[in-house]
Amino acid sequence: MREMATWLVKSEPSTYSIDDFKREKKTLWEGVRNYQARNYLKEMKKGERVLFYHSNAKEIGIVGVGKVFKEAVPDPSQFDPESDYYDEGSSESTPRWFCPELQFLHKFPRVLTRDELSAQKPLREMVILQKGSRLSVTPVSEKEYQEICALVGWDDT
DNA sequence: GCCAACGTTGGC
DNA sequence: GCCAACGTTGGC
């Protein structure tokens, strides 16, 4: 068994924000329609940490943290013709898209902005910070996670 | 609003 | 299987 992983999920706050997450406590991470991101979603294990990132926002950056509450199941929105995420090429017998359920843990007291993150040497390799990175789900290394916790004063115990 | 980067589609 | 065209993402 591999070690506990840490992940980062990206969301536009106009679609789903950290405040929505905080209010709902738990959320099914539906609507990811990219194969690499899908594979990461399927790798997520219960209890693993998930950093929450706001993209396309006034303040772009990491805004909080949650954890994997339930491992990935077939994404129900792919079967719903009314949904924006409907995929007519998928079927219940051979689902194409999967989503875990995430649980809210903590909203950071401030946004760890992209500029601030980019200025940190230990975060130089962070996937989300790479130019042109569009993946909405990415792995975060232990070193990166520790650095982020230290930056924002989040005591992960 | 612009546009570079990227993923997907579809003709061949 | 290649690759041009197209649509989308997301930082600026």
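The shown structure was predicted, so the numbers you read here are calculated from the model rather than taken from an experiment.

What counts as what
- Residues numbered from 1 in each chain as written.
- Chains lettered and ligands numbered in written order.
- Predicted model: local features only at pLDDT ≥ 70, side-chain atom pairs only at ≥ 80, totals over all residues.
- Heavy atoms only, no water.
- Near = heavy atom within 4 Å.
- Nonpolar A, V, L, I, M, F, W, Y, C, P; charged D, E, K, R; others polar.
- Salt bridge = Lys/Arg side-chain N within 4 Å of Asp/Glu carboxyl O.
- Helix = DSSP H or I, 4+ residues; strand = E, 2+ residues; numbered from the N terminus.
- Buried < 20%, exposed > 50% of the residue type's maximum accessible area, 1.4 Å probe, protein only.
- Core = buried A, V, L, I, M, F, W, Y, C linked by side-chain atoms within 4.5 Å.
- Polar contact = N/O pair within 3.5 Å; in protein donor to acceptor, adjacent residues only side chain to side chain.

Caption draft 1: Local environment of the protein's contact with DNA strand B. In the vicinity of DNA strand B, the contacting residues are Asn 34, Tyr 35, Lys 131, Gly 132 and Arg 134. Sugar and phosphate atoms represent 63% of those atoms of DNA strand B found within 4 Å of the protein. Grouping the constituent residues of the surface near DNA strand B by class yields 1 nonpolar, 2 polar and 2 charged.

Caption draft 2: Molecular detail of the pattern of salt bridges. Taken as a whole and assessed by the stated rule, the structure comprises 5 salt bridges. Across the salt bridge formed by Arg 23 and Asp 20, the nearest N and O atoms sit 2.8 Å from each other. Placement of the pair is Arg 23 and Asp 20 together in helix 1 (residues 18–24), with a separation of 3 residues, close to one helical turn. Of the residues examined, Asp 20 reaches a relative accessible area of 18% and is grouped as buried. Taking the shortest distance from any N to any O, the salt bridge between Asp 75 and Arg 33 comes out at 3.0 Å. Of the two residues, Asp 75 sits in the loop between strand 4 (61–74) and strand 5 (98–113) while Arg 33 sits in the loop between strand 2 (26–28) and helix 2 (35–43), which places them 42 residues apart along the sequence. Using a relative accessible area of 27% as the deciding quantity, one classes Arg 33 as partly exposed.

Caption draft 3: Spotlight on the nonpolar core. Membership of the largest hydrophobic core comes to 21 residues, with the highest contact counts inside it found for Val 9, Phe 21, Trp 29, Met 44, Phe 52, Leu 102 and Val 137. Looking at this core, the elements that each hand over two or more residues are strand 1 (6–11), helix 1, helix 2, strand 3 (49–54), strand 4 and strand 5. Membership of the second largest hydrophobic core comes to 18 residues, among which are Leu 8, Ile 62, Leu 123 and Val 152.

Caption draft 4: Looking closely at the protein's contact with DNA strand C. Every residue near DNA strand C is listed here: Lys 10, Tyr 53, Ser 55, Asn 56, Ile 60, Arg 114 and Arg 134. Close to the protein, within 4 Å, the atoms of DNA strand C are drawn from sugar and phosphate at a rate of 70%. At a separation of 2.5 Å, a phosphate oxygen of DNA strand C approaches a polar side-chain atom of Lys 10. A class-by-class count of the residues in the surface near DNA strand C yields 2 nonpolar, 2 polar and 3 charged.

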